[in-house]
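Residue-level structure breakdown
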Amino acid sequence: MNCVIWFSLTNVLSNYASNTLDYYNTIFYLGDGDLVPAGNRTKAEYTSALKLIQPKSPLWRTQVLKMSSKHEKGIDEVWETLLDFKKTMVSHGELGRLRAHQQRAWMWHYIQTAMQDSFKGDSKLKDRIQTLEAQVIDGAVYPGVAADILMNDFWSSNKKSL
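Residues numbered from 1 in each chain as written. Predicted model: local features only at pLDDT ≥ 70, side-chain atom pairs only at ≥ 80, totals over all residues. Heavy atoms only, no water.

**So, the confidence of the model for the protein**
This is how the line gets drawn: Within a predicted model, pLDDT stands for the predictor's per-residue confidence, ranging from 0 to 100. Contacts: residue pairs with any heavy atoms within 4.5 Å of one another.
Summing up the model confidence of the protein, the mean pLDDT is 80 and the portion of residues at 70 or higher is 78%. Counting interchain partners and residues more than four positions distant, the pLDDT-below-50 stretch residues 8-23 has 41 contacts.

**Digging into the nonpolar core**
To keep things clear, this is the line we draw: Only buried Ala, Val, Leu, Ile, Met, Phe, Trp, Tyr and Cys residues count toward a nonpolar core, and they belong to the same one when joined by side-chain atoms within 4.5 Å. Type-normalised accessible area, obtained with a 1.4 Å probe on protein chains alone, sets the label of each residue: buried when under 20%, exposed when over 50%, and partly exposed for intermediate values. A run of H or I in DSSP counts as a helix once it spans at least four residues, and a run of E counts as a strand once it spans at least two, with each numbered from the N terminus.
Grouped together as the largest cluster of nonpolar side chains are 8 residues: Phe 119, Leu 125, Ile 129, Leu 132, Val 141, Ala 146, Leu 150 and Phe 154. Contributing elements (two or more residues each) for this core: helix H6 (126-138) and helix H7 (143-158). Per element, the largest residue contribution to this core is 3 residues, and it comes from H7.

**What about the packing of aromatic side chains?**
For clarity, the threshold we go by: Classification of ring pairs uses Phe, Tyr and Trp, with its six-membered ring standing for Trp, and accepts pairs whose centres are within 6.5 Å; under 30 degrees between planes counts as stacked, over 60 as edge-to-face, and the remaining range as tilted.
The tally for this structure, following the rule as stated, stands at 3 aromatic pairs. Centroid distance Trp 60 to Phe 85: 5.3 Å. Interplanar angle 80 degrees. Geometry classified as edge-to-face. Within this pair, whereas Trp 60 is found in the loop between helix H3 (36-50) and strand S3 (63-67), its partner Phe 85 is found in helix H4 (residues 75-91), the two being separated by 25 residues in sequence. Like Phe 85, Trp 60 is buried.

**Looking at the packing of H6 against H7**
Basically, it comes down to this: Geometry is summarised by axes, namely lines fitted to C-alpha atoms with helices restricted to the contacting stretch, and by angles between N-to-C directions that run from 0 to 180 degrees. Any angle that is under 35 degrees is reported as roughly parallel, and any over 145 degrees as roughly antiparallel; angles of 65 to 115 degrees are reported as roughly perpendicular and all others as oblique. For this classification, Asp, Glu, Lys and Arg are treated as charged, while Ala, Val, Leu, Ile, Met, Phe, Trp, Tyr, Cys and Pro are nonpolar and the rest, including Gly, are polar.
Look at H6 against H7: their axes get within 9 Å of each other, and the N-to-C directions meet at 170 degrees. Compared by their axis directions, H6 and H7 come out roughly antiparallel. Across the interface between the two elements, Arg 128, Ile 129, Leu 132 and Val 136 of H6 pack against Pro 143, Ala 146, Ile 149, Leu 150 and Asp 153 of H7. Partitioning the contact of H6 with H7 into residue classes produces 7 nonpolar, no polar and 2 charged.

**What to know about the packing of helix H5 (residues 94-121) against H7**
Packed helices, taken two at a time, are described by the angle between their axes plus the distance between the axes. In the contact formed by H5 and H7, the axes pass within 11 Å of each other and the chain directions differ by 85 degrees. Accordingly, the angle class assigned to the pair H5 and H7 is roughly perpendicular. Mapping the contact onto sequence places Met 115, Ser 118 and Phe 119 in H5 and Leu 150, Met 151, Phe 154 and Trp 155 in H7. Residues that form the contact of H5 with H7 fall into these classes: 6 nonpolar, 1 polar and no charged.

**Some words on the side chain of Thr 42**
We count it as follows: N or O atoms within 3.5 Å of each other form a polar contact, as long as, within protein, one can give a hydrogen and the other can take it, and as long as residues adjacent in sequence are counted only when both atoms are side-chain atoms.
Here Thr 42 is to be found in helix H3. Side-chain polar atoms of Thr 42 contact the backbone oxygen of Ala 38, separated by 2.8 Å.

**Remarks on the pattern of salt bridges**
Rules: Here, a salt bridge means any side-chain nitrogen of Lys or Arg that lies within 4 Å of a carboxyl oxygen of Asp or Glu.
Taken as a whole and assessed by the stated rule, the structure comprises 2 salt bridges. Arg 97 is the salt-bridge partner of Glu 94, the closest N and O atoms lying 2.7 Å from each other. Residue Glu 94 and its partner Arg 97 are both found in helix H5; the two are separated by 3 residues, about one turn of the helix. By relative accessible area, Glu 94 is classed as buried at 8%.

Next up, the structure:
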């Protein structure tokens, strides 16, 4: 097997969406058989590259570990490293801080989605949206101007229901 895995324990242990945090604490390389020399080079390259990257947290520096489930090597070290990461981040309140920031981001995402759905679903604006979208695509109207026009129309027509 030949595979590089970027593992985010933050996502797994805290039930975070993996594309939200971009927070990698451990990289491990799986290489067996003839791929062991390539695995050693890959580990050295990732270790070297990580020196150029600013850590997301001053509490933890991303580690590169090798493991082989086929030969049962390195599994305990990977697991212990992941547990150490969790312990460090939890004991310093970092996971809670990240969770709070994510909750805030989700709130605004939900608001944005609901507002956009309401906006696009407004039957009074349907034709106006299509016209202005076409004008923006053609370069006849700037996107900001079209947005201002549509938002003004939306707020004006929905003032009574708000």
